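Structure at a glance
Here are the chains, one letter per residue:
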Amino acid sequence: MIDFEIPEKIAQICTVVESVAVNMMRPVSRYFDEHEHEIPWDYITFMHTATRAMGGSSMVPGTSKSEGPRIGFQRLAFMVEMLSWGDAGMYLCTPGGMLGSAAVSATGTPEQKERFLKRFRGEKPVFDAMCMTEPQCGSDTSAIRASAVLDKKTNEWVLNGEKIFVTAGQKALVDSNGFIVVWATIDPKAGRAGMRPFVVEAGAPGCSVVKMEHKLGIRASDTVSIVLQDCRIPFDNILGSPEVITDKATTGFKGAMATFDATRPIVAAQAIGLARATLELVKEMLAEQGVTIRYGLPRQKMTLIEREIVDMEIMLRSAWLVTIKAVWMADNGKPNSLEASMSKVRSGDVVTKITQKAVELMGPVGYSREHLLEKWFRDAKISDIYEGTGQINRLIVARQILGYRSSELR
Ligand SMILES: Cc1cc2nc3c(=O)[nH]c(=O)nc-3n(C[C@H](O)[C@H](O)[C@H](O)COP(=O)(O)OP(=O)(O)OC[C@H]3O[C@@H](n4cnc5c(N)ncnc54)[C@H](O)[C@@H]3O)c2cc1C
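Nothing here was measured: the structure is a model prediction, and the numbers come from that model. (Residues numbered from 1 in each chain as written. Predicted model: local features only at pLDDT ≥ 70, side-chain atom pairs only at ≥ 80, totals over all residues. Heavy atoms only, no water.)

Some details on unusual backbone geometry
Selection rule: Counting from the N terminus, the helices are the DSSP runs of H or I reaching at least four residues and the strands are the DSSP runs of E reaching at least two.
Backbone geometry at N155 places phi at a positive 55°, although glycine is not the residue there. Locating N155 in the fold gives a position in the loop between β2 (147-151) and β3 (156-167). For I218, which is not glycine, the phi dihedral falls at a positive 35°. On the secondary structure map, I218 appears in the loop between β6 (207-212) and β7 (223-234).

Now the structure itself:
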């Protein structure tokens, strides 16, 4: 049964994370928005030191020594919600486990998890990233063209291709001794069945960052293009057991889906933190103008603005509830594809609607750079794009509910 009380261990961590969000993120939020591609090292160093003191990476469920059983994903969701309340772009600069680690956790062997994730426990902050998207391939992952060919003489994989819009790729490959997980095909004719995840470590020959994007929002976070040109990596950097090479069933695609089942509720938590920040600020601004929300009133007796605020609160809480359900299921080993996609759809909608409504309700103040509302409006939209767009996650939800295969409902 789902318990809606925050477990004590998570509550303790949330208190610390809230202080980070208030004192280390909010004061520099505007600065890093206006100085795109500058790196918030103070925040990064603090987070790295704090998570090391906890005995592992709090960003990767299951690796912290202080972690009790079955709360890793829930803890991560609460942390991410709070960090994103502080600043969604800076949260994406948190060292010690992002999408690349999620792919390692979802698809790697125990030996690979230890080998690749232990670097997060080292002295210096380390980052990771995941590369799925290519110039001709976004939502339709079967269109991947990046290739991996085994060189039997040297027992190395040789990777070729281009990956675009890689979150934290610069930090993973250039600013730290991190890694990226590259989805490539070992059989271009096999579509999704040929897809496999490969770990490319910083310094791998033939792997280079070639472009940094200038973006609408989450500007503290780097987003890069990466070229793989005869990039050689060790044989056992293919994630999963050796059978994944010969097993032509949709092993690779299943690995990608398992990764998304883990990460989509976390993207949802990011959206919810940002939406909560927005709603709280709007209510503070309204209170300064003498407008308070009379929650006990029947709806027909409320003012229009009171109804708008109450509706936003309903949206926010419903998004959080489905997100908590999705992470609780992940912690308890229950298949959560449906809830993961639902949480992503709902929170992507909610954060874009709440931030848009906030700018609208506050008028010129909402539009001005004097406050963060206009920034949050820009930061919000990404939640509805990466890790599967709103449309794609709706398709997944529909397929799950109706029992259709992807070939039957596309
Ligand atoms: C800031 C940022 C960071 C990113 N970080 C990463 C990252 O770290 N790693 C990574 O691999 N990728 C990353 N991405 C890429 C992101 O995941 C893709 O942009 C996303 O998957 C959509 O792919 P696409 O842009 O090619 O759009 P397309 O697939 O071309 O889709 C265009 C539009 O058509 C819609 N659409 C497509 N197919 C269907 C369908 N069957 N039914 C209905 N509608 C459909 C989509 O929802 C979308 O609205 C990032 C993108 C951004 C902007």
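Once you've had a look at it, read on.
Quick notes on the site of the ligand
Threshold: Here a residue counts as near a molecule or strand whenever at least one of its heavy atoms sits within 4 Å of it. N or O atoms within 3.5 Å of each other form a polar contact, as long as, within protein, one can give a hydrogen and the other can take it, and as long as residues adjacent in sequence are counted only when both atoms are side-chain atoms. The protein chains shown are the only cover counted for residues, whose accessible areas, like all others here, come from Shrake-Rupley with a 1.4 Å probe. What fixes the domain bounds is an automatic or database domain assignment.
With respect to spatial proximity, 21 residues lie near the ligand, and among them T133, S139, F165, T167 and T389 are the closest. Between the ligand and T167, the relevant distance is 2.7 Å, taken from a nitrogen atom to a side-chain nitrogen or oxygen of the residue. Q391 is positioned such that a nitrogen or oxygen atom in its side chain is 2.9 Å from an oxygen atom of the ligand. Protein chains shield 65% of the accessible area of the ligand, which is 980 Å² for the free molecule. The residues that make up the shell around the ligand include at least three from each of domain 2 (128-237) and domain 3 (251-402).

Describing the domain arrangement of the protein chain
Keep this limit in mind: By definition, the buried area sums, over both parts, the 1.4 Å-probe accessible area that each loses when the two are put together.
In terms of domains, the protein chain is made up of domain 1 (8-121), domain 2 (128-237) and domain 3 (251-402). Between the C-alpha centres of domain 1 and domain 3 the distance comes to 20 Å. The junction of domain 1 with domain 3 conceals about 2500 Å² of combined surface from both sides, 61% of it contributed by carbon and sulfur atoms. The three residues of domain 1 that bury the most area against domain 3 are R30, F73 and E81, which together make up 26% of that side's buried surface.

Here's the deal with the packing of helix α1 (residues 8-34) against helix α2 (residues 41-53)
Note the following rule: Only the stretch in contact is used when fitting a helix axis, every axis being a line fitted to C-alpha atoms; angles between N-to-C directions are given from 0 to 180 degrees. When describing relative orientation, an angle under 35 degrees is termed roughly parallel and one over 145 degrees roughly antiparallel, while 65 to 115 degrees is termed roughly perpendicular and anything else oblique. Crossings are assigned a handedness: left-handed for a near helix turned anticlockwise from the far helix by less than a right angle, right-handed for a clockwise turn. Contacts are residue-level and defined by heavy atoms, with any inter-residue pair within 4.5 Å sufficient. Under the grouping applied here, Gly and all other residues not named as nonpolar or charged are polar, the nonpolar ones being Ala, Val, Leu, Ile, Met, Phe, Trp, Tyr, Cys and Pro and the charged ones Asp, Glu, Lys and Arg.
Interaxial distance between α1 and α2 falls to 10 Å at its minimum, and their mutual angle equals 155°. If you check the angle between α1 and α2, you find them roughly antiparallel. Between α1 and α2 the crossing geometry is right-handed. Contacts between α1 and α2 involve V20, M24 and M25 on the former and, on the latter, D42, Y43, F46 and M47. Of the residues in the contact of α1 with α2, the class split is six nonpolar, no polar and one charged.

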